[in-house]
Amino acid sequence: MKALVYHGNGEKSWDDVPDATIVHPTDAVVRVDAVTICGTDLHILKGDVATVSPGRVLGHEAVGTVVEIGPGVQRVAVGDRVLVSCISSCGVCRYCREGSYSQCLGGGGWILGHRIDGTQAEYVRVPFADNSTHPIPDQVGDDQMILLADILPTAYEVGVLNGKLRPADVVAIVGAGPIGLAAVLAAKLLSPSHIVVIDRVDARLDIARKIGADITVNNADQDPAEVIASLTDGVGADVTMEAVGIPATFDLAVSLARPGGHIANIGVHGEPVTLHLEDLWIKNLTLTTGLVDTRSTPTLIKLVASQQIDTSSLVTHRFALSDIEQAYDVFSDAASSGALKVLLSNDAGVR
Ligand SMILES: NC(=O)c1ccc[n+]([C@@H]2O[C@H](COP(=O)([O-])OP(=O)(O)OC[C@H]3O[C@@H](n4cnc5c(N)ncnc54)[C@H](O)[C@@H]3O)[C@@H](O)[C@H]2O)c1
Ligand SMILES: [Zn+2]
Ligand SMILES: [Zn+2]
């Protein structure tokens with residue numbers, strides 16, 4: 001079969017590799033019908049994720065069809081159309097028992113395209129298939145469903161739920177990449193009074209408004225603190241979300257929160273960030289961090305199926321799976337291509 005293989009030092013290629021097969025009784029092999037590329041894959045190519053070894057097949061988000069199951073698989077059958085989640089879960093360890101699948105102690109967590117071969121391939125082995133896949137309602141297309149493998153549950157769990165967003169809140173989302181935009185969709189579910197999105201790229205802010213942001217701020221030429229102050233009698237946002245992953249935007253998310261407010265960090269930080277407790281100790285703030293657990297995925301699937309969330313506008317480019325190297329070029333040059341999420345289909349057609 002063919003797969004996108006990481007070769008170290010920023011190198012990758014679409015190679016012939018051994019077929020995906022059942023290794024453990026709880027595995028399934030899934031034919032990849034649609035797959036996407038994540039910002040995290042770009043981090044891996046840059047060498048930021050030392051736990052990914054050369055030779056690894058990348059990718060942790062897919063929609064596919066089950067073609068083979070191990071003897072221990074009970075709920076998933078050959079022929080099922082499934083969502084392959086970015087988080088696998090053993091289902092029985094202490095963390096899985098409480099729904100914290102990202103912290104799985106039984107061999108799950110973020111393993112696809114990280115510690116084991118991933119989804120950017122014609123076929124993928126999915127461990128703990130009963131717990132790590134989700135059935136897909138017939139009426140939901142691949143372009144909607146693919147965003148539920150990672151970015152929508154991330155925005156909803158690590159942003160909205162951790163941030164304890166409530167109706168009528170003012171929420172400030174720093175960063176309008178795929179995650180920040182997914183946070184707009186997820187925040188709308190809780191009916192905040194104002195969703196304010198902050199970024200330095202006008203094209204992304206335009207999309208934020210199109211999908212439901214009430215106010216956008218380009219912080220290269222406008223001070224977001226003034227905008228938030230004008231909406232909140234000067235006290236600050238009830239909830240802020242950091243969806244970039246650099247010190248400057250973390251500082252901004254912290255500074256925009258009101259006393260007693262919540263700061264939900266979503267961004268993956270590659271360098272140390274200073275938490276100014278000398279100023280913050282008195283503000284009764286709650287700061288949360290998190291890797292997505294994907295425990296909300298069944299809820300989000302229902303919301304997409306009932307058309308209460310429309311994720312399709314975040315898919316900006318489509319490719320055949322075999323053109324994945326070209327798709328990487330487009331995705332990694334988002335500034336000129338305008339790419340948000342790219343959808344790769346194994347038959348060049350989208351369901
Ligand atoms: N916690 C999790 O489980 C989880 C899961 C997936 C992704 N992430 C992380 O979420 C973050 C966002 O992901 P993404 O795919 O949307 O990334 P992205 O790089 O596509 O988007 C980041 C956005 O931030 C904007 N930005 C950069 N510097 C800025 C600044 N100084 N002020 C305002 N805006 C600025 C950029 O213009 C861009 O639109 C990343 O760090 C990613 O690794 C976390
Ligand atoms: Zn991802
Ligand atoms: Zn577990």
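Under an unreviewed UniProt entry, the name given to the protein is Alcohol dehydrogenase, and the organism recorded is Mycolicibacterium fluoranthenivorans. Note on the protein: under the UniProt heading Sequence similarities (unreviewed entry), the record states "Belongs to the zinc-containing alcohol dehydrogenase family." UniProt, in the comment section headed Cofactor (unreviewed entry), describes the protein in these words: "Zn(2+)".

Chemist: What's the story with the overall build of the protein in this structure? I'm lost.
Modeler: When helices and strands are counted, the protein shows 13 helices and 15 strands. For 351 residues, the compact-globule estimate of 2.2 N^0.38 gives 20 Å, and the protein sits close to it at 20 Å. Seen through its C-alpha atoms, the protein measures out along the principal axes to roughly 60 × 45 × 40 Å. In the protein, which comprises 351 residues, the share counted as buried stands at 51%. Long-range pairs, those at least 24 residues apart, make up 70% of the contacts in the protein between residues at least 6 apart in sequence.

Chemist: Could you clarify how one ought to interpret the domain arrangement of the protein in this entry?
Modeler: How big an interface is tends to be stated in terms of the accessible area lost upon association of its parts. Split into domains, the protein comes out as domain 1 (2-150 + 294-345) and domain 2 (152-288). Computed from C-alpha atoms alone, the centre-to-centre distance between domain 1 and domain 2 is 27 Å. Here the side of domain 1 that touches domain 2 is built from residues that sort into 6 nonpolar, 7 polar and 4 charged.

Chemist: Whenever I open this one, unusual backbone geometry confuses me. Can you help?
Modeler: Note: most residues except glycine have negative phi, and most peptide bonds are trans. One non-glycine residue, Ser191, lies in the positive phi region at around 50 degrees. Judged by the 11 C-beta atoms lying within 10 Å of it, Ser191 falls in the exposed class. In this structure, Gln307 takes a positive phi of about 60 degrees despite not being glycine. Here Gln307 is to be found in the loop between helix H11 (297-305) and strand E14 (315-320).

Definitions and cut-offs
Residues numbered from 1 in each chain as written. Chains lettered and ligands numbered in written order. Predicted model: local features only at pLDDT ≥ 70, side-chain atom pairs only at ≥ 80, totals over all residues. UniProt positions renumbered as here; feature names shortened; annotations may be inferred. Helix = DSSP H or I, 4+ residues; strand = E, 2+ residues; numbered from the N terminus. Rg over C-alpha atoms; globule rule 2.2 N^0.38 Å. Buried ≥ 20, exposed ≤ 12 C-beta atoms within 10 Å, placed from the backbone. Contact = placed C-beta atoms within 7 Å. Domains from an automatic or database assignment. Nonpolar A, V, L, I, M, F, W, Y, C, P; charged D, E, K, R; others polar.

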